[in-house]
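These are the residues of each chain, in order.
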There are 2 protein chains.
Amino acid sequence: MKTTKISEAVVRRLPIYLRYLTHLHHMNVKTVSSQKLGDILDINPAQIRKDLAHFGEFGRKGIGYEVDYLIEKIKQILKLDQEIHVALIGVGHLGHAILNYNAYLKENMKIVAAFDVDPQKTGEVVAGTTVYHLDQLGDIIEEKAIRMAIITVPAEAAQEVADRLMQTRIKAILNFAPVNIKARDDVRVHHTDVTTELQSLSYYL
Amino acid sequence: MKTTKISEAVVRRLPIYLRYLTHLHHMNVKTVSSQKLGDILDINPAQIRKDLAHFGEFGRKGIGYEVDYLIEKIKQILKLDQEIHVALIGVGHLGHAILNYNAYLKENMKIVAAFDVDPQKTGEVVAGTTVYHLDQLGDIIEEKAIRMAIITVPAEAAQEVADRLMQTRIKAILNFAPVNIKARDDVRVHHTDVTTELQSLSYYL
DNA sequence: TAGATTGTTAATCGATTAACAATC
DNA sequence: TAGATTGTTAATCGATTAACAATC
């Protein structure tokens, strides 16, 4: 099918599929049905088929989906078939943790530079990634062809950092600061934050 | 209105409202309209009114919402008017970062115990929180009246940890491991994971 | 062939938004 | 009073699920 308007819900499920398909690949499984996938991931099989059908006919009737082929296709859709360089801004505790997580990101995604306003941290190397001063943001992003950014600064500084990022080529931001960041229409911002998650979970106690 | 069946989408917005209302409180703002709230948070004002109306009539026609009163009400709804003790399982990089985040959780939420399988880590104190061996999970959860858990172990261990948690009084789990955890109907599990977030963002590049 | 499973249409369900009477 | 803003109903929009012909 043609790429009309793909909803965010669909896009958010693709990495979930990819994750389990990769697991199946390592288990040497060759083929999987939407039924099996749905059982494991707690997602309706019809929804999985529909999600995938947005992007093409990847399965075979009577058989299911070929694991390796589907992995390849989903990676293409998510642009994970190319190297994606990521910047991280804010080398506090959370920033540190994510930098240490770098090796796990795999799928061609890599944090290649970190930034902080603290001159003490500048020049430091955290888990293999150099920390630059925030003033170098534009230059390094250009130099290292960085396309995505992770914000792990305090809430008060987040919008300012986002504004600086929007003066660069960055088109996607993952914001961990507990504040709603305003961005232009052509820049995609996702928010995630431990406190908010825990507070909404608390409702169900 | 009566508490019929509140959707997850509504529950997830409540902490967002609470966060900004708390900000307004610190700014000494007394009253706010759904219009203003919506502008700042990028949420439709009608939706905000509807979300809140699920739980009662908190506003005043022609005036808006009284900030302090609404804060109090949302805290009640989210059960944040009581002390909520949280356990963290898996003291790796991410676990460390979240433990250091503890002070920021506020709103009566507190990580009071950490667990790990590594005997080397047992007894250690991270950011004020003692690390216990996983074998003590049930005992400590009982002793410290813990009601929520954060899983930050590797993917392979996550389901096993969840299974152990389900033998305790825990009814809400925040899972950072990149795997879909299966749980009983009476246990609420939310998933969050940096890799998945980054991969779905990548689609928009 | 018979059984399995896709891709897709139609039906259902639920969530968001618009509109407005009530009222501060 | 006039203007502002809620709570709520009705309209819209979109996402999920069921069902099934096509076909491996």
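Per chain, the residues get numbers from 1 upward, laid out in the order the sequence is written. The lettering of chains begins at A and the numbering of ligands begins at 1, in the order of writing. The model is predicted, so local features are restricted to residues of pLDDT at least 70 and side-chain atom pairs to those at 80 or more, both for listing and for counting; the totals for chains, interfaces and linings are taken over all residues. Neither water nor hydrogens contribute to the side-chain values; these are computed over all heavy atoms in the structure.

Concerning the domain arrangement of chain A
Taken domain by domain, chain A holds domain 1 (8–77) and domain 2 (84–198). The gap between the C-alpha centroids of domain 1 of chain A and domain 2 of chain A is 30 Å. What marks off one domain from the next here is an automatic or database domain assignment.

Regarding the sheet that holds strand β8 (residues 146–151) of chain B
Residue and element names in this part refer to chain B. Think of it this way: DSSP has to see at least two bridges between two strands before they count as a pair. Where helices and strands are cited, they refer to DSSP runs of H or I of at least four residues and of E of at least two residues respectively, numbered from the N terminus. Taken together, seven strands build an open sheet; the order of strands is β6-β7-β5-β4-β8-β9-β10 and the sheet is mixed. Since the sheet does not close on itself, it has two edges, and those belong to β6 (125–126) and β10 (188–191), each with one partner. Examined bridge by bridge, β6 and strand β7 (residues 129–133) share two bridges and lie antiparallel to one another. Of the residues in β7, the one forming a bridge with Val125 is Thr130. In what follows, a contact means two residues having at least one pair of non-hydrogen atoms within 4.5 Å. In this analysis, axes come from line fits to C-alpha atoms, helices being fitted only over the stretch in contact, and the angle between any two N-to-C directions falls in the range 0 to 180 degrees. The strands touched by helix α7 (residues 155–165) within the sheet are β4 (84–89), β8 and β9 (172–175), with β8 carrying the most contacts at an inclination of about 175°.

Quick word on the interface of chain A and chain B
On the side of chain B, 56 residues touch chain A, which itself brings 56 residues to the contact. Buried surface area refers to the total accessible area, computed with a probe of radius 1.4 Å, that the two partners give up upon joining, counted for both partners together. The junction of chain A with chain B conceals about 5,500 Å² of combined surface from both sides, 63% of it contributed by carbon and sulfur atoms. For B:Arg12, the salt bridge goes to A:Glu197, with nearest N and O atoms at 3.5 Å. Pairs of N or O atoms within 3.5 Å make up the polar contacts considered here, provided that, within protein, one atom can donate a hydrogen while the other can accept it, and that residues adjacent in sequence are counted only when both atoms are side-chain atoms. Between chain A and chain B we count 28 residue pairs in polar contact (both at pLDDT 80 or more) in total. Going through the elements one at a time, α1 (8–26), α2 (34–41), α5 (93–105), β8 (148–151), β9 (172–175), β10 (188–191) and α8 (194–202) of chain A are the ones with two or more residues in the side of chain A that touches chain B. It is α8(A) that provides the largest number of residues to the side of chain A that touches chain B, a total of nine residues. The classification used treats Ala, Val, Leu, Ile, Met, Phe, Trp, Tyr, Cys and Pro as nonpolar, Asp, Glu, Lys and Arg as charged, and all other residues, Gly among them, as polar. Partitioning the side of chain A that touches chain B into residue classes produces 32 nonpolar, 11 polar and 13 charged. Salt bridge, as used here, is a side-chain nitrogen of Lys or Arg placed within 4 Å of a carboxyl oxygen of Asp or Glu.

Here we look at the relation of the copies chain A and chain B
We place the copies in one frame by least squares, fitting the C-alpha atoms of every residue whose pLDDT is at least 70 in both. Between chain A and chain B, the superposition needs a rotation of 180° and an axial shift of 0.0 Å, giving an RMSD of 0.0 Å. The symmetry that links the two subunits is that of a two-fold axis. No C-alpha of chain A approaches the rotation axis more nearly than that of A:Ala97, which lies at 3.0 Å. When the interface residues of chain A are mapped onto chain B, 100% of them are again interface residues, pointing to one common binding face.

Considering the protein's contact with DNA strand D
Taken together, 24 residues sit near DNA strand D, with A:Gln47, B:Ser34, B:Arg49, B:Gly59 and B:Tyr65 positioned nearest. The protein-proximal atoms of DNA strand D, defined as those within 4 Å of the protein, are 62% sugar or phosphate. A:Gln47 is positioned with one of its side-chain polar atoms (N or O) 2.9 Å from a sugar or linking oxygen of DNA strand D. Take B:Arg49: an N or O atom from its side chain is 2.9 Å from a base oxygen of DNA strand D. Elements represented by at least two residues in the surface near DNA strand D include exactly α3 (45–53) of chain A together with α3 (45–53), β2 (59–60) and β3 (64–66) of chain B. Near, as used in this document, describes a residue that has one of its heavy atoms within 4 Å of the molecule or strand being considered.

Considerations on a negative patch on the surface
A cluster of acidic side chains, namely A:Glu66, A:Asp68, A:Glu72 and A:Asp81, defines a negative patch on the protein surface. Within the secondary structure layout, A:Asp81 lies in the loop between α4 (67–77) and β4 (84–89). Distance thresholds for patches are 9 Å for like charges and 5 Å for nonpolar side chains (Val, Leu, Ile, Met, Phe, Trp, Tyr), applied to residues having over 30% relative accessible area and no salt bridge. Method for areas: the Shrake-Rupley scheme with a 1.4 Å probe, in which residue coverage is limited to the protein chains shown. By the counting scheme adopted, Arg and Lys are positive, Glu and Asp are negative, and His together with the chain ends is not counted. To locate a charge, take NZ of a lysine, CZ of an arginine, CG of an aspartate or CD of a glutamate.

Things to note about the packing of aromatic side chains
Only Phe, Tyr and Trp rings are paired, with Trp represented by its six-membered ring, and only when their centres lie within 6.5 Å; those with planes under 30 degrees apart are stacked, over 60 edge-to-face, the remainder tilted. One pass over the structure, following the stated rule, counts eight aromatic pairs over all chains. Ring plane angle 80° and centroid distance 6.3 Å describe the contact between A:Phe58 and A:Tyr69, whose orientation is recorded as edge-to-face. Of the two residues, A:Phe58 is situated in the loop between α3 and β2 (59–60) and A:Tyr69 in helix α4; the sequence distance between them amounts to 11 residues. Categorising residues by exposure relies on relative accessible area from a 1.4 Å probe, with only protein chains included: less than 20% of the type maximum marks a residue as buried, more than 50% marks it as exposed, and the intermediate range marks it as partly exposed. Look at A:Tyr69 and you get partly exposed, because its relative accessible area is 31%. Ring centres of B:Phe115 and B:Tyr132 lie 5.8 Å apart, and the angle between their planes is 35°; on these two criteria the pair is classed as tilted. Taken together, the residues B:Phe115 in strand β5 (residues 109–116) and B:Tyr132 in strand β7 connect sequence positions 17 residues apart. Each member of the pair, B:Phe115 together with B:Tyr132, is buried. Linked through ring pairs, A:Phe55, B:Tyr203 and B:Tyr204 together constitute an aromatic cluster.

Some remarks on the environment of A:Asp51
All names here are of chain A. Relative to the helices and strands, Asp51 resides in helix α3. Owing to a relative accessible area of 3%, Asp51 belongs among the buried residues under this scheme. Asp51 sits 37 residues away from Leu14 along the chain, and the two C-alpha atoms are 8.1 Å apart. Leaving out residues up to four positions away in the same chain, Asp51 has contacts with Val10, Arg13 and Tyr17.

With respect to unusual backbone geometry
Residues and elements named next belong to chain B. Of note in the backbone geometry, Asn28 takes a positive phi value of approximately 70° without being a glycine. Within the element layout of this structure, Asn28 appears in the loop between α1 (8–26) and β1 (31–32). The exposed category is assigned to Asn28, whose relative accessible area is 56%. For Ala127, which is not glycine, the phi dihedral falls at a positive 50°. Mapped onto the secondary structure, Ala127 falls in the loop between β6 and β7.

A word on α5(A)
All names here are of chain A. Expected span of a helix, by definition, is 1.5 Å for each gap between consecutive residues, and there is one gap fewer than residues. For α5, built from 13 residues, the straight-helix expectation of 18 Å at 1.5 Å per residue is met to within 8% by its first-to-last C-alpha distance of 18 Å. What is called the bend at a residue is the angle between a pair of axes, fitted to the seven residues leading up to and ending at it and to the seven starting from it. The principal kink in α5, of about 30°, is found at Leu99. When we look at burial in α5, the residues that qualify are Leu94, Gly95, Ala97, Ile98, Leu99, Tyr101, Asn102 and Leu105. Note on α5: the residue one or two positions beyond its end, Lys106, has a positive phi of about 35°.

Focus: the protein's contact with DNA strand C
Around DNA strand C, a shell composed of 24 residues is seen, among which A:Ser34, A:Arg49, A:Gly59, A:Tyr65 and B:Gln47 lie nearest. In DNA strand C, atoms within 4 Å of the protein come 61% from sugar and phosphate. Contact distances for DNA strand C include 3.5 Å between a sugar or linking oxygen and a side-chain N or O atom of A:Glu57. Between DNA strand C and B:Lys61 there is a distance of 3.0 Å, counted from a sugar or linking oxygen to a backbone nitrogen or oxygen.

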